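# Close look at the chain arrangement
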Amino acid sequence: TQQSPYPMETVHPSYLYLTIFVVLILIIAYVFLKNFFQQFGKINALESQGIAVTGEIAEVKNQVNKAGTLAQDKVVVVHFNSSAGKSHFIEYIQKMIAGEFISVGAGVDVVYLPSDPSIFKIPSKNIAAQNKWLYLVIGILVLLAGGYLSYLYYTNPSIFGLLPTQ
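Residues numbered from 1 in each chain as written. Predicted model: local features only at pLDDT ≥ 70, side-chain atom pairs only at ≥ 80, totals over all residues. Heavy atoms only, no water.

Here we take up the nonpolar core. Among the nonpolar cores identified, the biggest contains 15 residues, and Val78, Val110, Phe120 and Ile122 are the most heavily contacted of them. Those elements that place two or more of their residues in this core are strand E1 (51-64), strand E2 (70-81), strand E3 (87-94), strand E4 (107-113) and strand E5 (116-122). Ignoring any residue separated from it by four or fewer positions in sequence, one finds Val110 in contact with Ile51, Ala52, Val53, Gly55, Val78, Phe80, Ile90, Phe120, Lys121 and Ile122. Counting residues in each nonpolar core, the second largest holds seven residues, with Ile43, Ala45, Val111 and Leu113 among its members. (Core = buried A, V, L, I, M, F, W, Y, C linked by side-chain atoms within 4.5 Å. Buried < 20%, exposed > 50% of the residue type's maximum accessible area, 1.4 Å probe, protein only. Helix = DSSP H or I, 4+ residues; strand = E, 2+ residues; numbered from the N terminus. Contact = heavy atoms within 4.5 Å.)

Turning our eyes to something else, we now look at the packing of aromatic side chains. Under the criterion given, the structure shown has five aromatic pairs. Aromatic side chains Phe36 and Phe40 sit 6.0 Å apart centroid to centroid with 20° between the ring planes, which places their arrangement in the stacked category. One end of the pair is Phe36 and the other is Phe40, both in helix H1 (residues 13-49) and four residues apart, which spans about a single turn. Phe36 sits in the buried class, given a relative accessible area of 3%. (Phe/Tyr/Trp six-rings, centres within 6.5 Å; stacked < 30°, edge-to-face > 60°.)

Mapped onto the elements, Gln39 comes out in helix H1. Apart from residues no more than four positions distant in its own chain, Gln39 is found in contact with Ile119, Gln130, Asn131 and Lys132.

To continue, consider the environment of Gln39. According to the relative accessible area criterion, Gln39 is buried, its value standing at 11%. Along the chain, Gln39 and Ala129 lie 90 residues apart, while their C-alpha atoms are 9.3 Å from each other.

Mapped onto the elements, Tyr112 comes out in strand E4. Owing to a relative accessible area of 1%, Tyr112 belongs among the buried residues under this scheme. Considering only alpha carbons, one finds Tyr112 and Val53, 59 residues apart in sequence, at a separation of 8.0 Å. With residues near it in sequence (within four places) discarded, Tyr112 still touches Leu46, Gln49, Gly50, Ile51, Val53, Phe80, Ser82, Ser83, Pro117, Ile119 and Phe120. A distance of 2.7 Å separates the side chain of Tyr112 from the backbone nitrogen of Ser83, its partner in a polar contact. (Polar contact = N/O pair within 3.5 Å; in protein donor to acceptor, adjacent residues only side chain to side chain.)

Attention shifts here to the confidence of the model for the protein chain. Within the protein chain, residue pLDDT values average 82, and 84% of them lie at 70 or more. No element of the protein chain has a lower mean pLDDT than strand E6 (residues 127-128), which averages 79, and none a higher one than E4, which averages 91. (pLDDT = per-residue confidence, 0-100.)

Below, the discussion takes up the pattern of salt bridges. Across all of its chains, the model carries four salt bridges by this definition. Linking Glu91 and Lys61 is a salt bridge whose minimum nitrogen-to-oxygen distance equals 3.0 Å. Remark: Lys61 occurs in strand E1 and Glu91 occurs in strand E3; sequence separation between them is 30 residues. Note on Lys61: relative accessible area 30%, which makes it partly exposed. Asp73 is the partner of Lys95 in a salt bridge, and the nearest nitrogen-oxygen pair spans 3.4 Å. Here Lys95 is found in the loop between E3 and E4, whereas its partner Asp73 is found in strand E2, with 22 residues between them in sequence. Residue classification places Asp73 among the buried residues on the basis of a relative accessible area of 17%. (Salt bridge = Lys/Arg side-chain N within 4 Å of Asp/Glu carboxyl O.)

For helix H2 (residues 133-155), which comprises 23 residues, the first-to-last C-alpha distance of 33 Å matches the rise-based estimate of 33 Å (1.5 Å per residue) to within 8%. Residues of H2 that are buried: Leu136, Gly139, Val142, Gly146, Ser150 and Tyr153. (Expected span 1.5 Å × (residues − 1).)

Turning next to a nonpolar patch on the surface. The grouping of Leu16, Tyr17, Ile20, Val23, Leu24, Ile27, Ile28, Tyr30 and Val31 at the surface amounts to a nonpolar patch, some 870 Å² of accessible area in total. Note on placement: Tyr30 falls in helix H1. Given a relative accessible area of 54%, Tyr30 falls into the exposed group. (Patch = residues over 30% accessible without salt bridge, like charges linked within 9 Å, V, L, I, M, F, W, Y side chains within 5 Å. Areas by Shrake-Rupley, 256 points an atom, 1.4 Å probe, with all protein chains shown as cover.)

Now the structure itself:
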């Protein structure tokens, strides 16, 4: 048998840990960035593929702020039927002005995305689907933090106390 010109070297377990860490960082960043760009694509598709229907205000709820007290804003629940005949409920927050009243049962125009009715806009209230910018920020921060820690580890693994200094 012929012997390999490259002798088998033992790999320190910390390199395996780092590899697992990098793979996990990439998976986490991928999930956040994928969700952001999917939402972004759906919001853009709403302009060209959106279907306009008339919905009905089904419920108006008080919004509770972080301190546990009632906020001035209201959570409005709108019911509409899609072109496929399915019933959908969507919610939006209505900023209230003193003396303003929202009547349950009132009609409201809704433009929704047929492939995902949770993506909608209500032109009369100037309410549009919002992108999940937090997903983009978290995805980028995870990539930057993982890249920086990987760089530190590859350039000087002893700073993490995993390998003895040489």
